[in-house]
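Structural features, examined
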Amino acid sequence: LARKLFFDAYVIIKNKNYKQYALAEKKLLKSLSIMPNASYTHNTLGLLYQYWHNYPKAEYHLKKTIDDIPTWAKPHNNLGNVYQAQGNYKAALVEFNKALELDTSFIIPYNNIGNIYLETGQYLKAENTYKYRLGKDSLALITVMNLGVLYNLRGQSDVAEQYYRKVVDMDSTYELGYVK
C-alpha cells in the first residue's frame with residue numbers, strides 16, 4: 001500500500017497536476033506512516049514542500065533522505081535548490097558540489113551553480129559553468145535559456161536572441177524560449 005500511495009502521488013507531481021498537489025501530499029504522508037524510512041518518499045515530499053516554498057519542511061525531508069542514503073546525489077541537488085531559494089548560496093554550492101562529487105554523470109547541478117553565479121553578478125563564472133554543462137549535454141534547454149538571460153543582462157541582446165531562438169528551435173513548445 002505504501003508504494004502504491006507513493007506512486008500515485010509521484011504521478012501527480014511528475015505530471016505537474018498542481019491542483020492535485022494537496023492530495024499528493026496526503027498520499028505521501030500516508031505512505032510515510034506505513035514506511036517511515038522510505039527515502040524516496042522523503043525526497044519527493046522535500047520537492048513538494050520546496051514548490052510550496054515551505055523551506056523548513058523541505059529541508060527536513062531532504063536532510064532525512066541524505067541521512068538515510070548519503071551517496072544519493074539528487075537529494076543533495078534538491079537541498080541545494082532549497083538553500084538557493086532562500087539566498088543561502090554558500091550552503092547551496094556545498095550541496096551542488098556534493099551532488100557532482102557523488103555522481104559525475106548527474107550534470108544538472110552545473111546549471112544550478114551557474115544560476116548562483118548569475119544571481120550574484122559573477123557573469124564570467126556563470127557563462128563558463130553554463131558552457132561546461134552544455135559541453136556535457138548540448139540539449140540542456142534550460143542551460144541554453146540561461147545563457148540567453150546572461151547575455152541579455154550583459155547588454156548583449158543580439159547574442160541573447162541567438163540563444164533564445166536556439167531554445168525555440170530545439171523545442172518549439174518550450175514556453176521560456178519566447179522572450180519579449
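What this report covers is the structure whose coordinates are included nearby.

Parameters and conventions
- Each chain carries its own residue numbering, running from 1 in the direction its sequence is written.
- Confidence filtering applies because this is a predicted model: local features only for residues at pLDDT of at least 70, side-chain atom pairs given and counted only at 80 or more, and all residues used for totals across whole chains, interfaces and linings.
- To obtain the side-chain values, all non-hydrogen atoms of the structure were used and water was disregarded.
- A cavity here means a set of points on a 1 Å grid, drawn over the protein atoms and nothing else, where a 1.4 Å probe fits but cannot get out; a pocket is an open set with protein on both sides within 12 Å along at least five of seven lines, and a residue lines either one if it has an atom within 4 Å of a point.
- Grid points are joined across faces, edges and corners, and a volume is the space filled by probe spheres set on the points.
- In DSSP terms, a helix is any run of H or I states spanning at least four residues, a strand is any run of E spanning at least two, and both are numbered starting from the N terminus.
- Residue polarity is assigned by list, with Asp, Glu, Lys and Arg as charged and Ala, Val, Leu, Ile, Met, Phe, Trp, Tyr, Cys and Pro as nonpolar; anything else, Gly included, falls into the polar class.
- Type-normalised accessible area, obtained with a 1.4 Å probe on protein chains alone, sets the label of each residue: buried when under 20%, exposed when over 50%, and partly exposed for intermediate values.
- Buried residues of nine kinds, namely Ala, Val, Leu, Ile, Met, Phe, Trp, Tyr and Cys, make up a nonpolar core once their side-chain atoms join them within 4.5 Å.
- The axes used here are C-alpha line fits, helices contributing only the stretch in contact, and every angle between their N-to-C directions lies in the interval 0 to 180 degrees.
- Each angle is binned into one of four classes, with values under 35 degrees roughly parallel, values over 145 roughly antiparallel, values of 65 to 115 roughly perpendicular, and all other values oblique.
- Helix crossings get a hand from a simple test, with the near helix turned counterclockwise from the far one by less than a right angle marking a left-handed crossing and a clockwise turn marking a right-handed one.
- Whether two residues touch is decided by their heavy atoms; if any such pair falls within 4.5 Å, the residues are in contact.
- Two joining distances apply to patches: 9 Å for like charges and 5 Å for nonpolar side chains (Val, Leu, Ile, Met, Phe, Trp, Tyr), and every residue must have over 30% relative accessible area and no salt bridge.
- Reported accessibility uses the Shrake-Rupley method at a 1.4 Å probe radius. Residues are deemed covered only where the shown protein chains occlude them.
- For this document, the term salt bridge refers to a Lys or Arg side-chain nitrogen within 4 Å of an Asp or Glu carboxyl oxygen.
- To estimate the expected span of a helix, subtract one from its residue number and multiply by 1.5 Å.
- Charge assignment: positive for Lys and Arg, negative for Asp and Glu; neither His nor the chain ends contribute.
- Polar contacts, as used here, are pairs of N or O atoms within 3.5 Å; protein pairs need one atom able to donate a hydrogen and one able to accept it. Residues neighboring in sequence count only if both atoms are side-chain atoms.

Quick notes on the layout of surface pockets
If you add up the space inside the largest pocket, you get close to 1,300 Å³. Of all elements in the fold, only α1 (2–14), α3 (39–51), α5 (73–85) and α7 (108–119) reach the threshold of two or more residues within the lining of the largest pocket. Examining the composition of the lining of the largest pocket, we find that 7 residues originate from one element, α3, more than from any other. Looking at side-chain class alone, the lining of the largest pocket contains 15 nonpolar, 11 polar and 5 charged residues.

Some thoughts on unusual backbone geometry
Note: most residues except glycine have negative phi, and most peptide bonds are trans. Even without glycine at this site, Lys 16 takes up a positive phi of about 55°. Relative to the elements of secondary structure, Lys 16 occurs in the loop between α1 and α2 (21–34). Although it is not a glycine, His 53 sits at a positive phi angle of roughly 60°. Checked against the element boundaries, His 53 lands in the loop between α3 and α4 (55–68). Its relative accessible area of 57% is what places His 53 among the exposed residues.

Focus: the nonpolar core
Side chains that are nonpolar tend, in soluble globular proteins, to be buried together. Of all hydrophobic cores here, the largest spans 43 residues; its most connected members are Ile 13, Leu 28, Leu 45, Leu 48, Ala 126, Leu 147 and Val 167. For this core, the element with the most residues is helix α9 (residues 141–153), which contributes 6 residues.

Considerations on the packing of α3 against α5
Where α3 contacts α5, the axes come no closer than 10 Å and their chain directions differ by 20°. What the angle tells us is that α3 and α5 run roughly parallel. Relative to α5, the crossing made by α3 is left-handed. Of α5, the residues touching α3 (which contributes Asn 43, Leu 47 and Gln 50) are Pro 75, Asn 78, Asn 81 and Val 82. Of the residues assigned to the contact of α3 with α5, the class counts are 3 nonpolar, 4 polar and no charged.

Focus: the side chain of Lys 64
Mapping Lys 64 onto the fold places it in helix α4. In this structure, Lys 64 is in contact with Pro 36, Asn 37 and His 42, ignoring residues within four places of it in sequence.

Comments concerning a nonpolar patch on the surface
Side chains of Tyr 18, Tyr 51 and Trp 52 sit close together on the surface and give an oily, nonpolar patch of about 310 Å² of accessible area. For Tyr 18, the position within the fold is in the loop between α1 and α2. Look at Tyr 18 and you get partly exposed, because its relative accessible area is 43%.

Some thoughts on α4
In a regular helix each residue adds 1.5 Å, so 14 residues correspond to 20 Å; α4 covers 20 Å between its end C-alpha atoms and thus fits that length. Of the residues making up α4, those classed as buried are Tyr 55, Ala 58, Glu 59, His 61, Leu 62, Lys 64, Thr 65 and Ile 66. Those residues of α4 that are buried lie in contact with α2, α3, α5 and α6 (89–102).

Some points on the side chain of Glu 25
Checked against the element boundaries, Glu 25 lands in helix α2. For the buried residue Glu 25, which engages in no salt bridge, the nearest side chain bearing the opposite charge is Lys 57, 4.7 Å off. For Glu 25, the side chain forms a polar contact with the side chain of Tyr 49, separated by 2.6 Å. In this structure Glu 25 touches Leu 45, Leu 48, Tyr 49 and Trp 52, once residues within four positions along its chain are discounted.

A look at α6
The terminal C-alpha atoms of α6, which comprises 14 residues, lie 20 Å apart, in line with the 20 Å expected from a rise of 1.5 Å per residue. Of all the positions in α6, only Ala 91, Ala 92, Glu 95, Phe 96, Ala 99 and Leu 100 are classed as buried. Where α6 is buried, its residues touch α4, α5 and α7.

Details of the environment of Asn 78
Tracing the chain through its elements places Asn 78 in helix α5. Under the relative-accessibility criterion, Asn 78 is labelled buried at 10%. In sequence terms Asn 78 and Thr 41 are 37 residues apart; their C-alpha atoms lie 13 Å from each other. Other than its neighbours up to four places away in sequence, Asn 78 contacts Asn 43, Leu 47, Gln 50 and Leu 62.

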